[in-house]
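Residues per chain, in single letters:
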Amino acid sequence: QVQLVESGGALVQPGGSLRLSCIASGFDFSTAWMYWVRQAPGEGIEWVSTVSPGGRITDYTDSVKGRFTISRDNAKNMLYLQMNTLKSEDTAVYYCRYSSVRADPLKLQNHWGQGTQVTVSS
């Protein structure tokens, strides 16, 4: 019954911007910690960002700090990732993840969405 639907991925040039969205259902979104993770071609899953249930705590992997912003709209069950100054290294499939308490998103074993493809290339 849990559904996570990621969208917003596209082909974009280096230096460009993109906003990813994730609409969630089937769990209590407003009390869930939410995460973005990504998988680059031929690579493993990498944690990108975390946001607390109320949106006041955010955290980012070093490679995206200052460029990406995670946010959420609990009234709409929506999670966002604003990505600016995109680099080729950001090319990956991006997924949203959730947990009832703060966790390592790479160790979660709950439902996955389909992901959304981000390609940064000239």
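A. Spatial organisation of the side chain of Arg72. By the secondary structure assignment, Arg72 is in strand 7 (residues 68-73). Put simply, Arg72 is tucked away with no salt bridge, and the nearest opposite charge, on Asp28, sits 7.7 Å away. Within the structure, the side chain of Arg72 is placed 2.9 Å from the backbone oxygen of Ala32, a separation counted as a polar contact. Reaching out from Arg72, the side chain makes a polar contact with the backbone oxygen of Ser52 at a distance of 2.8 Å. Setting aside chain neighbours within four positions, we find Arg72 in contact with Phe29, Ser30, Ala32, Trp33, Met34, Val51, Ser52, Pro53, Gly55, Met78, Leu79 and Tyr80.

B. Spatial organisation of the pattern of salt bridges. By the definition in use, this model includes 5 salt bridges. We note a salt bridge from Asp90 to Arg38, for which the minimum N-O separation is 3.1 Å. Of this pair, Asp90 sits in the loop between strand 8 (78-83) and strand 9 (92-99) while Arg38 sits in strand 4 (residues 33-39), and the two are 52 residues apart along the sequence. Both residues of the pair, Asp90 and Arg38, count as buried. A single network of salt bridges, built from pairs that share partners, joins Arg38, Glu46, Arg67 and Asp90.

C. Molecular detail of the state of the cysteines. One pass over the full model with this rule turns up 1 disulfide. Each disulfide pairs two cysteine sulfurs, and for Cys22 the partner residue is Cys96, the sulfurs being separated by 1.9 Å. Sign of the S-S torsion, about 45° for the bond between Cys22 and Cys96, identifies this disulfide as right-handed. Note that Cys22 is positioned in strand 3 (residues 18-25) and Cys96 in strand 9, a separation of 74 residues in sequence. The exposure class of Cys22 is buried, given its relative accessible area of 0%.

D. Looking closely at the pairing of strand 7. Judged by which residues are buried, strand 7 turns out to be one-sided: Phe68, Ile70 and Arg72 face inward and are buried, whereas Thr69, Ser71 and Asp73, on the alternate face, are not. Where strand 7 and strand 8 come together, 6 bridges link them in antiparallel fashion. Pairing of Thr69 across the sheet is with Gln82, part of strand 8. Between strand 7 and strand 8, which pair antiparallel one after the other, the connecting turn spans 4 residues, and Asn77 there sits at a positive phi close to 55°.

E. Representation of the packing of aromatic side chains. Using the criterion set out here, one finds 3 aromatic pairs in the structure. For the ring pair Tyr95 and Trp112, a centre distance of 5.0 Å and an interplane angle of 85° mean the geometry is edge-to-face. Remark: Trp112 occurs in the loop between strand 9 and strand 10 (116-120) and Tyr95 occurs in strand 9; sequence separation between them is 17 residues. Residue Trp112 is classed as partly exposed on the basis of its relative accessible area of 36%. A connected cluster of aromatic rings, assembled from ring pairs, spans Phe27, Phe29 and Tyr98. Over the ring of Phe29 we find Arg72, and its NZ or CZ is 4.5 Å from the ring centre. Of note, Arg97 hangs over the ring of Trp112, and the distance from its end group to the ring centre comes to 3.9 Å.

Definitions and cut-offs
- Residues numbered from 1 in each chain as written.
- Predicted model: local features only at pLDDT ≥ 70, side-chain atom pairs only at ≥ 80, totals over all residues.
- Heavy atoms only, no water.
- Helix = DSSP H or I, 4+ residues; strand = E, 2+ residues; numbered from the N terminus.
- Buried < 20%, exposed > 50% of the residue type's maximum accessible area, 1.4 Å probe, protein only.
- Lys, Arg positive; Asp, Glu negative; His and termini not counted.
- Salt bridge = Lys/Arg side-chain N within 4 Å of Asp/Glu carboxyl O.
- Polar contact = N/O pair within 3.5 Å; in protein donor to acceptor, adjacent residues only side chain to side chain.
- Contact = heavy atoms within 4.5 Å.
- Disulfide = S-S within 2.5 Å.
- Pairing = 2+ DSSP bridges.
- Phe/Tyr/Trp six-rings, centres within 6.5 Å; stacked < 30°, edge-to-face > 60°.
- Lys NZ or Arg CZ within 6 Å of the ring centre and 35° of its normal.

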